[in-house]
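# Fold and contact review
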Amino acid sequence: MRPAVVVTGISGNLGRTLAKLLHKHERIIGIDRRPFVGRPKDIEMHQLDLRKRKAEEVFRKNDIRAVIHMGIMHDPRMSEEEHHSFNVVGTTRLLEYCARYRVPKVVVLSSANVYGPSPDNSNFLTEDAPLMAASRFSGVRDLIEVDMLAHGFFWRHPHIQTVILRPVHIVGPTIKNAPSTYLRLRHPWIMAGFDPMVQLIHVEDAARAMMEAALRPEPRGVYNVVGPGEVPLSSIHRELGHAAIPVPHPVARPLLGLLFKYRLANFPPPELDHIQFLCNVDGSRWLQDVDWKPRYSMRETIRSVVGD
Amino acid sequence: MLERLSDRVKKEFREWTEHMVGDERSRRLQALARTENEYGVDPFGFNLDYSLAAMAPFVWLYRHYHRVETFGIENLPPGRVLLISNHSGQLPMDGAMIGVALLLEASPPRAIRSMVEKWVPSLPFVSTFMARVGQIVGTPENCRRLLESEEAILVFPEGTRGISKLWPQRYQLQEFGLGFMRLALETNTPIVPVAVVGAEEQAPALVDIKPLAKMLGFPAFPLTVTGLPLPLPTKYRIYFGEPMRFSGRADDEDNELDKKVRTVKSAIQSMLNQGLKERRGVFW
């Protein structure tokens, strides 16, 4: 049988998009706790948890040419313990299997959020910038840990090609992450007097980037992945026809804290940093090393959140 | 509704700018649209339309309030350049006036970038205004990136030590930071020394209320004669010196860099002295 590409977190939106792009060229084995709705017949699916012993069998029984790891969750409602265990223990186990069964290529999905929005940020952060997100938002601590685990793996196993991708905010018609959900609000909050530049990437462009990272021989190490560019937050709201509500920033945090506590809002207060300060990255290293360009224009990317 | 109102205000201000600067200059300013995307902004958030509107009151101040006179603006080389200037006046009016001078008098017009304090992005309204008119946070990475794309950058190496200095220290250059010299050496950028005469008297400050500044998170809290740091209609003279080129290692010892910085500092000081000698008074 042909060597396979293992995709973790395949049942999510990004995972399904990637699977649909990839299954025509590659044999795919999917791993996810959730069922894969609308799974193409030629994709082998294992509905299990990476932390379980059974996950190792997938590696023992198959010849694997690449692993794409995006089985990382970010749910502010989940208990911190479970969150941490799923992300960090899951990633640790997966990387162990990759080393033990000599997988030649490992691609880990991280995020440009690991740098964290801050008033001190340079306008474009490069891959060597410190990962400061947790200093203001402890909820993203395990996402940084996953990134650093992969980074450590990259240095410890020079014979394995490890690629860590840090894409900007992924948006798309069915994506349910914080930025997409925020951009679907009819009356989104904005921080009065703040209008940071924002970077978005269409889910299909992000999936294609993951695919290129897995199949091409050139990329190695950490890459920021930027979509069609950067745009002021206000232009996005204008494009989507939203009537944004300006909230003074000293009021916004405690108010959102209350709303979050009583489940009237699904954004924890530190997420407000993203609509107040810069967290933009420089994606030139990725463009230099890999022949990849976003296919969706800025306008198409923005409009994709409402399914256009 | 608010949007439509702000669009109208923007249009009115833009027309005011165009009226003040004349047709020919307006046309040349249009060429500054640089690398704007479909939403009218460049990657740093600069927006020409917004900037042309926002500059209207500053053009008025430039022409009729501070009645700015420039000397040696033809010294400005094309391509990447660091303008190093003295800083004073409690409000960064000196920066604004240098910016307007480069738009109105330089040929071709240059839209200057200045490196703003790190606390600016945490201020509502000010942060947005600064970004749209092309001013960005003064990190070395930002500066390097802009110089590599051949931009003109204004740096006040005195920083807050300069802008918040008190009346007795006027026209005495405060300690210069070394960062700009490192960047100039690293990116092989010529330095144009700039002296602003007139700004140092615009808002005479007598004391700096440091505990209050600390409490509010401001770099300083000067108490001026008027109570507020509002600029008086002092006459500005802006001197642009000959470009200075330095060579050496960017990661040299601080005292080596300091020697080079001191030559820039003394060039500015001598232009300041010359300007003070040439003028007839503070207000004319």
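In case you missed it, the structure is sitting above this.
Residues numbered from 1 in each chain as written. Chains lettered and ligands numbered in written order. Predicted model: local features only at pLDDT ≥ 70, side-chain atom pairs only at ≥ 80, totals over all residues. Heavy atoms only, no water.

Right, let's talk about the overall build of chain B for a bit. Along its length, chain B carries ten helices and nine strands. With the C-alpha coordinates of chain B rotated into their principal frame, the extents come out at 55 × 45 × 40 Å. Relative to its full complement of 284 residues, chain B shows a buried share of 52%. Considering only contacts within chain B whose residues lie at least 6 apart along the sequence, 78% involve residues at least 24 apart. Taking the average location of the 35 positive side-chain charges in chain B and that of its 34 negative ones, the two points are 3 Å from each other. (Helix = DSSP H or I, 4+ residues; strand = E, 2+ residues; numbered from the N terminus. Buried < 20%, exposed > 50% of the residue type's maximum accessible area, 1.4 Å probe, protein only. Contact = heavy atoms within 4.5 Å. Lys, Arg positive; Asp, Glu negative; His and termini not counted. Charge placed at Lys NZ, Arg CZ, Asp CG, Glu CD.)

In this section: the side chain of B:Gln135. Residue and element names in this part refer to chain B. If you trace the backbone, Gln135 turns up in the loop between helix H5 (126-132) and strand S4 (136-137). At 3.3 Å, the side chain of Gln135 forms a polar contact with the backbone oxygen of Ile112. Setting aside its immediate chain neighbours within four residues, Gln135 contacts Ile112, Arg113, Ser114, Val116 and Met130. (Polar contact = N/O pair within 3.5 Å; in protein donor to acceptor, adjacent residues only side chain to side chain.)

Okay, a nonpolar patch on the surface next. All names here are of chain B. Together, Leu5, Val9, Phe13, Trp16 and Trp60 give the surface a local cluster of nonpolar side chains, amounting to about 440 Å² of exposed area. Looking at which element gives the most residues to the nonpolar patch, the answer is helix H1 (residues 2-21), with four residues. Turning to its location among the elements, Trp16 is positioned in helix H1. (Patch = residues over 30% accessible without salt bridge, like charges linked within 9 Å, V, L, I, M, F, W, Y side chains within 5 Å. Areas by Shrake-Rupley, 256 points an atom, 1.4 Å probe, with all protein chains shown as cover. Salt bridge = Lys/Arg side-chain N within 4 Å of Asp/Glu carboxyl O.)

Here the focus is the pattern of salt bridges. All names here are of chain A. Taken as a whole and assessed by the stated rule, the structure comprises 40 salt bridges over all chains. Across the pair Arg216 and Glu218 runs a salt bridge, and its minimum N-O distance is 3.9 Å. With a relative accessible area of 24%, Arg216 lands in the partly exposed category. Taking the shortest distance from any N to any O, the salt bridge between Arg299 and Glu239 comes out at 2.9 Å. Of this pair, Arg299 sits in helix H11 (residues 298-303) while Glu239 is found in helix H8 (residues 233-239), placing the two residues 60 residues apart along the sequence. The class for Arg299 is partly exposed, based on a relative accessible area of 33%. The exposure class of Glu239 is buried, given its relative accessible area of 17%. Bridged by salt links that share partners, the residues Arg33, Asp49, Arg51 and Glu82 form one connected network.

A word on the interface of chain B and chain A. Opposite the 25 residues of chain B that make contact, chain A presents 24 residues. By the criterion of area lost to chain A, the three top residues of chain B are B:Glu38, B:Tyr39 and B:Arg145, representing 29% of everything that side buries. For the pair chain B and chain A, the number of links is four salt bridges. Ionic pairing is found between A:Arg238 and B:Asp7, a salt bridge with its closest N-O pair at 3.4 Å. The interface formed by chain B and chain A contains 13 residue pairs in polar contact (both at pLDDT 80 or more). Of all the secondary structure elements, the ones that give two or more residues to the side of chain B that touches chain A are H1, H5, S4 and helix H6 (140-148) of chain B. For the side of chain B that touches chain A, the residue count by class is ten nonpolar, seven polar and eight charged. (Buried area = accessible area lost by both parts, 1.4 Å probe. Nonpolar A, V, L, I, M, F, W, Y, C, P; charged D, E, K, R; others polar.)

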